[in-house]
Amino acid sequence: MEHDVIKNPLIVELELLRANFDKTTEKLIKDIQRHEKIMTKADKRQKQEYDELQRKFAEVEALQKEIEETQKEVIFTMGSIGESRSKETGNHVRRVAEYSKLIALHYGLSEHDAEMLKQASPMHDIGKVAIPDAILNKPGKLTPEEFEIMKKHTELGYDMLKHSHRPLLQTAAIVAHEHHEKFNGQGYPRGLKGANIHIYSRITAFADVFDALGNQRCYKPAWSDEEIFNFFHKERGEHFDPKIVDIFFKHLSEFLHIRETFKDPI
Ligand SMILES: [Fe+2]
Ligand SMILES: [Fe+2]
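On a predicted model such as this, the values are computed, not experimentally measured, just so you know.

**Q** Please give an account of helix α6 (residues 153–161) that cites residues and values.
**A** Buried residues of α6: His153, Thr154, Gly157, Met160 and Leu161, and no others. For α6, the angular spread of the buried residues around the axis is 130°, confining them to a single face. Looking at the buried positions of α6, the neighbouring elements they touch are α5 (144–151) and α7 (167–178).

Structure follows, in C-alpha cells:
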C-alpha cells in the first residue's frame, strides 16, 4: 500500500527554516556586493574631488606667492623713488633694509618680523615724493619754515600707506610715520618717547642715520667712522634706543660687512 510518508513536523519546520535562511543569506550577500560597488565608485569620486582640491590649493599658493613678490617689489621701488627724489643712492635703501633686519634679529625679534621690517624699512622716506624739490635738494641749511615743510614727509608717507590692511604696508606706514622720532621725545612729528615709538621705527631710525652719516649728502660731507662712533655714544638714550646702540657696537663687524657688501659704485 502506497501512502504518503508523513514527515516529521520537526523536519518540515527545519527545512522551511533552511529555505528562509538561504534566501536571507543570498539577499545579504547581494546587498553587501552592491554596497561595495557603491563604495568604490564613491571612493573614486572622492579621490577626484580631493585631487582637484589639491590642484586648486597649489594654484592659490602660487598666486599668493606672486602677489607677495609683487608687493615686495612695489614697496622697494616706491622706497627707491622716495630716496631718488632726494638724490640718495639706490643702495641707501638696500643698506637700511639690511641694517634693520640685523638689528631686529639681535634685538630679539622673530625671523618673520625681522624679515618684514627689512622689506618695509626702505619705505621710510616715501613721503618725500610730495616735498618740493627746492627744499628737498637745497644745498646747505633749511630755513625754519622750510624745515617745517620737510618734516611733513613723515605724515605724508603715513597717509599714503595707512589705508592698507596688508601687514607689510602697515609696517611701512608705522616706519614712515615715526622714523624721525627720538628716544628722548625730542623728535617729530609727534614727539613720542622711548617704547612709545614702535620698535620697527626705532630700528629704522638708527639704520637710516648710520647710513646717512657715512655718505655724502647735499647738505653735508661724509663723516669718518670715528665721528660716527662718537655721535652714537653721545646719542645713546637721547636720539636712539640705548639697546640698539649697544647692539651696534657689540656687532660692529656685521654692520661694516653690510656697508662693504652694498657700497655705492664710485
Ligand atoms: Fe626721513
Ligand atoms: Fe633714508
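**Q** Give a description of the packing of helix α3 (residues 111–120) against α7 that names residues and reports values.
**A** Here α3 crosses α7 at 65°, and the two axes come no closer than 9 Å. α3 and α7 meet at a crossing whose hand is right-handed. Contact with α3, carried on its side by Met116, Leu117, Gln119 and Ala120, involves Pro167, Leu168, Thr171, Ala172 and Val175 of α7 and no other residues of that element. Residues that form the contact of α3 with α7 fall into these classes: seven nonpolar, two polar and no charged.

**Q** Outline the environment of glycine 237, listing residues and values.
**A** By secondary structure assignment, the location of glycine 237 is in the loop between α9 (225–235) and α10 (242–250). Since 13 C-beta atoms lie within 10 Å of it, glycine 237 is described here as partly exposed. Distance from glycine 237 to aspartate 211, taken between C-alpha atoms, is 19 Å for residues 26 residues apart in sequence.

**Q** Before we move on, can you summarise the nonpolar core with the specific residues and values?
**A** Soluble, globular proteins show a tendency: their nonpolar side chains are buried together. Residues Ile103 and Ala172 are the most contacted members of the largest nonpolar core, which totals 38 residues. Those elements giving two or more residues to this core turn out to be α1 (9–85), α2 (90–107), α3, α6, α7, α8 (199–214), α10 and α11 (252–261). Top contributing element to this core by residue count: α2, with seven residues. Leaving out residues up to four positions away in the same chain, isoleucine 103 has contacts with Ile203, Phe206, Ala207, Ile244 and Ile247.

Cut-offs used in this document
Residues numbered from 1 in each chain as written. Chains lettered and ligands numbered in written order. Predicted model: local features only at pLDDT ≥ 70, side-chain atom pairs only at ≥ 80, totals over all residues. Buried ≥ 20, exposed ≤ 12 C-beta atoms within 10 Å, placed from the backbone. Helix = DSSP H or I, 4+ residues; strand = E, 2+ residues; numbered from the N terminus. Arc of directions from axis to C-beta. Contact = placed C-beta atoms within 7 Å. Axes fitted to C-alpha atoms, helices over the stretch in contact; angles between N-to-C directions. Left-handed = near helix turned anticlockwise from the far one by under 90°. Nonpolar A, V, L, I, M, F, W, Y, C, P; charged D, E, K, R; others polar. Core = buried A, V, L, I, M, F, W, Y, C linked by C-beta atoms within 7 Å.

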